[in-house]
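In case you want the letters, here they are:
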Amino acid sequence: MSVRKLLLRSSVIAALGGAATAAMPYIDLIEPSRGPEIAMVVLTPDPAPQPVASIARSAWGLPCGLSVTAAPLPGAMVALDVMDPCRPDARVEITHMALRISARTDALGLLTLDVPAFESPARFAVSLESGANATAETGLPDLGDYARAAIAWTGPHAITLHGEAGDNPAMIAARTTQTESFLSRLGDATLDAPHLAQVLTTPAALQDDLLIRAEIAVDATSCGRPIVARSLQSLGGGPVTMADIALTLPGCEATGEFLMLQNLFQPPRLPAN
C-alpha cells in the first residue's frame, strides 16, 4: 500500500513530546518511487522572523532626520524650510553664495525663512550643530527684475543698510510692492557668534536712482572691537560683486555715534558724507 504525502504537524509533535504551536515546523511524508513502503520525515522549519528596523522618532511621533526644501516667492525671494523633528531649538547654519546666516529651529524642530537670493537657480547649504547637513535649490524667474545689495558679518554688531531714492527714504522694514525697495534682516543675533546679514532689494528699473550706505552703531558692547564683514551686490540679476571689510570701531568715548561705510556699493551715485 502506497504512502500518501501528509502534513502531520500535530501528531509528530505529540510523538516528540512537544505541544503543537503555530511556530513549530511542518513535517512532510514523501512517498519513495520504488522499494518497500518507507516513510521519510523531512523537517521544514518556519522562516525565522526578520527584525524590524527601529526608526527614531520625535516626542511628537515624527521620524527624525534633516530635510530642507526651497521654493520661489515673488520678489526673487526663496521660501526656505528646514525641518528635523528631533532637533528642537537647534542652531542652524545656512549658506547662500557668500551669505552665511545663523538661526534656530523652534520647539518642533522647524525653521522657516524668506531669503532674498543672488543667483538662479538659488542654492542653499544647511547644517545643524549635530553635524547633519543637506542642500536645496530652486529657480527664480524674476531675479533679473531686481537689484540687491547686502552686508554680512559675524557677531551681534548693529549694522544697518540704508537706501535713499532721491530725497525720499526707501529703507523699508518689510517687502511691500514691486515699485519700492525692501530690507531683509537675516539671522538670530541672540546666538553665540551669530552670522547675520541685511539685504536691500530694489526694482531694477530704479537702481540708478538708489543711494546705498551702511552704518554701524558704536555701543558699549562693540566700541573698540574689530569687525569683519562682506558686501555683496547684484544689479538686475547680473554677476555678483563682493568685497571684504575689516575695521576696528572707535573707542568707547564714541558710544552712541554711528560709523558710516561708503563706497561699498554701486550704482553709480554714492551718498555724500
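Scope of this entry: the structure provided in the associated data block. (Residues numbered from 1 in each chain as written. Predicted model: local features only at pLDDT ≥ 70, side-chain atom pairs only at ≥ 80, totals over all residues. Heavy atoms only, no water.)

## As for the state of the cysteines
Part 1 of the reasoning: Across all of its chains, the model carries two disulfides by this definition.
Part 2 of the reasoning: Note that C64 is cross-linked by a disulfide to C86, the S-S spacing being 1.6 Å. Residues C64 and C86 are joined by a disulfide whose S-S torsion is about -65 degrees; by sign, that bridge is left-handed. Here C64, found in the loop between β2 (40–44) and β3 (67–73), pairs with C86, found in the loop between β4 (77–83) and β5 (91–96); they are 22 residues apart in sequence, far enough to count as distant.
Part 3 of the reasoning: On the accessibility criterion, C64 (34% relative accessible area) is partly exposed. (Disulfide = S-S within 2.5 Å. Helix = DSSP H or I, 4+ residues; strand = E, 2+ residues; numbered from the N terminus. Buried < 20%, exposed > 50% of the residue type's maximum accessible area, 1.4 Å probe, protein only.)

## Details of the sheet that holds strand β16 (residues 226–234)
Part 1 of the reasoning: Strands sit in the order β13-β14-β10-β16-β17 across an open sheet of five strands; the sheet is antiparallel. Each end of this open sheet is capped by a strand with a single partner; those strands are β13 (182–186) and β17 (241–248). Geometrically, the sheet is characterised by an average inter-axis angle of 15 degrees between neighbouring strands, direction not taken into account.
Part 2 of the reasoning: Pairing between β13 and strand β14 (residues 195–203): five bridges, direction antiparallel. Of the residues in β14, the one forming a bridge with F182 is T201. (Pairing = 2+ DSSP bridges. Axes fitted to C-alpha atoms, helices over the stretch in contact; angles between N-to-C directions.)

## Looking at the pairing of strand β10 (residues 146–154)
Part 1 of the reasoning: Most of β10 sits inside the fold, with eight of its nine residues counted as buried.
Part 2 of the reasoning: Sheet analysis places β10 next to β14, joined by nine bridges and oriented antiparallel. Across the sheet, the residue bridging to I151 is Q198, located in β14.
Part 3 of the reasoning: Taken together, the six bridges between β10 and β16 define a ladder with antiparallel strand orientation. Residue pairing across strands places R148 opposite S234, the latter belonging to β16.

## As for the environment of G109
Part 1 of the reasoning: You can see G109 is positioned in the loop between β6 (99–104) and β7 (110–116).
Part 2 of the reasoning: Taking C-alpha positions, G109 is 5.1 Å from R87, a pair spaced 22 residues apart along the chain.
Part 3 of the reasoning: With near-sequence residues (within four places) excluded, G109 lies in contact with V82, M83, D84, R87 and P88. (Contact = heavy atoms within 4.5 Å.)

## So, the pairing of β17
Part 1 of the reasoning: Looking at chain direction, β16 and β17 are connected through eight bridges and run antiparallel. Among the inter-strand pairings, Q233 is bridged to a residue of β17, identified as T241.
Part 2 of the reasoning: Here β16 folds back onto β17, and the loop between the two strands holds six residues, one of which, G236, carries a positive phi near 60 degrees.

## Digging into the pattern of salt bridges
Part 1 of the reasoning: Overall, the coordinates contain five salt bridges when judged by the stated rule.
Part 2 of the reasoning: In this structure, R123 engages E119 in a salt bridge whose closest nitrogen and oxygen atoms are separated by 3.8 Å.
Part 3 of the reasoning: Among the residues examined, R123 registers a relative accessible area of 42% and is labelled partly exposed.
Part 4 of the reasoning: Linking E137 and R123 is a salt bridge whose minimum nitrogen-to-oxygen distance equals 3.5 Å. One end of the pair, E137, is in strand β9 (residues 133–138); the other, R123, is in strand β8 (residues 122–128), and 14 residues separate them in sequence.
Part 5 of the reasoning: Salt bridges sharing partners connect three or more residues here, namely R91, E93 and R100. (Salt bridge = Lys/Arg side-chain N within 4 Å of Asp/Glu carboxyl O.)

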